[in-house]
Amino acid sequence: HTLPISPTIESLFKKLPRLYTDNKAAISCYRKYLIQLDARFAPHVKAQLARDCAMLILHSANKNNYTKLQMSKSKKETFIPETIEQEVFLLLLISDTLHEYVIDRAPEHDEARKESLGHATSIIDMISLCLSRVSQYALIAQRIEKTLKYAYQHYHLNFQFALSLIQCGHFTRAYFVLDECIEIE
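First things first, this report covers the structure right here in the doc. Note that the structure is a prediction, hence the values are computed from the model and not measured.

Looking now at helix 2 (residues 23-36). With 14 residues, helix 2 should cover 20 Å at 1.5 Å per step; its first-to-last C-alpha distance of 20 Å lies within 8% of that length. When we look at burial in helix 2, the residues that qualify are A26, I27, C29, Y30, R31, Y33 and L34. Structurally, helix 2 contributes buried residues whose contacts are with helix 1 (7-15), helix 3 (43-60) and helix 4 (84-98).

The following block contains the structure:
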């Protein structure tokens, strides 16, 4: 059950962090929104904010300028990311979980299904960028495999899956996935 939100408020939530010229201030704004915004209150907005924040951190943060998220002492049971990769991966998982994917094959849902596939591909690409920095290829393969369940016959995702399998040492399975890529092309 989601709570309604006006288009004006939704637009404000999505655009305000982008108005900051300083990336640290923008990241801080995203973090505040994500912590304060209840997931039932427009989950698509929270999904977009999490994705945008992950993208900004991935593009602008490095080990020298990254500021870890600071939480109050009352939230000791809450996971607090220690690294750029942990925070980006967590944000992408939140975005992926909150996004409403359309998997209905009916012709009237073609456009929405293509949009869902575009979102899933974007998330997978960012997860691949993030986790390959820390050599977590098995986790990349696992996430792509889940996505392929509703993105069957998609060349880009299959090729990414094969590459991650090769990095994990699963050469036989990668061979079959690459063979499938050839059939798709």
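Time to look at the environment of L129. Relative to the helices and strands, L129 resides in helix 5 (residues 110-132). Measuring from C-alpha to C-alpha, the distance between L129 and I5 comes to 33 Å, with 124 residues separating the pair along the chain.

If you check helix 3, its first and last C-alpha atoms are 26 Å apart, about what 18 residues at 1.5 Å a residue would give, namely 26 Å. Most of helix 3 sits out of view: 14 of its 18 residues are buried.

Moving on: the nonpolar core. Formed by 42 residues in total, the largest nonpolar core has its most connected members in L49, I57, V88, L91, L92 and F161. In terms of residue count, the dominant contributor to this core is helix 3 (8 residues). Setting aside residues no more than four positions away along its own chain, V88 makes contact with A54, I57, L58 and C130.

With that settled, consider the pattern of salt bridges. Under the counting rule described, the total for this entry stands at 7 salt bridges. Residue E87 pairs with R31 through a salt bridge whose shortest N-O separation is 2.7 Å. Of this pair, E87 sits in helix 4 while R31 sits in helix 2, and the two are 56 residues apart along the sequence. With relative accessibility at 12%, the residue R31 sits in the buried group. Between D96 and R143 there is a salt bridge whose closest N-O contact spans 2.5 Å. Taken together, the residues span a long stretch of sequence, with D96 in helix 4 and R143 in helix 6 (residues 137-148) at a distance of 47 residues. A residue is classified by how much of its surface remains accessible, and D96, at 14% relative accessible area, is buried. Classification of R143 by relative accessible area gives buried; the value is 13%.

The next point concerns the packing of helix 1 against helix 3. For the pair helix 1 and helix 3, interaxial distance at closest approach is 10 Å and the crossing angle is 15°. Classed by the angle they form, the pair helix 1 and helix 3 counts as roughly parallel. Judged by the sense of rotation from one axis to the other, the crossing of helix 1 with helix 3 is right-handed. Residue-level inspection shows E10, F13 and K14 of helix 1 in contact with helix 3, the latter providing H44, V45, Q48 and L49. Of the residues in the contact of helix 1 with helix 3, the class split is 3 nonpolar, 2 polar and 2 charged.

Positive phi is not limited to glycine here, since S135 has a value of about 55°. Mapped onto the secondary structure, S135 falls in the loop between helix 5 and helix 6.

On to the side chain of T147, then. Within the secondary structure layout, T147 lies in helix 6. We classify T147 as buried; its relative accessible area is 5%.

This next bit is on a nonpolar patch on the surface. Side chains of I9, L12, L16, L19 and Y20 sit close together on the surface and give an oily, nonpolar patch of about 460 Å² of accessible area. Looking at the element boundaries, L16 is found in the loop between helix 1 and helix 2. The class of L16 is partly exposed, set by a relative accessible area of 30%.

Throughout the structure, instances matching the rule amount to 0 disulfides. Of the cysteine sulfurs around C168, a residue in no disulfide, the closest is that of C130, at 15 Å. Overall, C168 belongs to the partly exposed group, its relative accessible area being 26%. Just so you know, C181 is unpaired, no disulfide at all, and the nearest cysteine sulfur is the one on C168, 16 Å from it. For C181, a relative accessible area of 3% translates into the label buried.

Rules and cut-offs
Residues numbered from 1 in each chain as written. Predicted model: local features only at pLDDT ≥ 70, side-chain atom pairs only at ≥ 80, totals over all residues. Heavy atoms only, no water. Helix = DSSP H or I, 4+ residues; strand = E, 2+ residues; numbered from the N terminus. Expected span 1.5 Å × (residues − 1). Buried < 20%, exposed > 50% of the residue type's maximum accessible area, 1.4 Å probe, protein only. Contact = heavy atoms within 4.5 Å. Core = buried A, V, L, I, M, F, W, Y, C linked by side-chain atoms within 4.5 Å. Salt bridge = Lys/Arg side-chain N within 4 Å of Asp/Glu carboxyl O. Axes fitted to C-alpha atoms, helices over the stretch in contact; angles between N-to-C directions. Parallel < 35°, antiparallel > 145°, perpendicular 65-115°, else oblique. Left-handed = near helix turned anticlockwise from the far one by under 90°. Nonpolar A, V, L, I, M, F, W, Y, C, P; charged D, E, K, R; others polar. Patch = residues over 30% accessible without salt bridge, like charges linked within 9 Å, V, L, I, M, F, W, Y side chains within 5 Å. Areas by Shrake-Rupley, 256 points an atom, 1.4 Å probe, with all protein chains shown as cover. Disulfide = S-S within 2.5 Å.

Keep in mind these values describe shape, not function.
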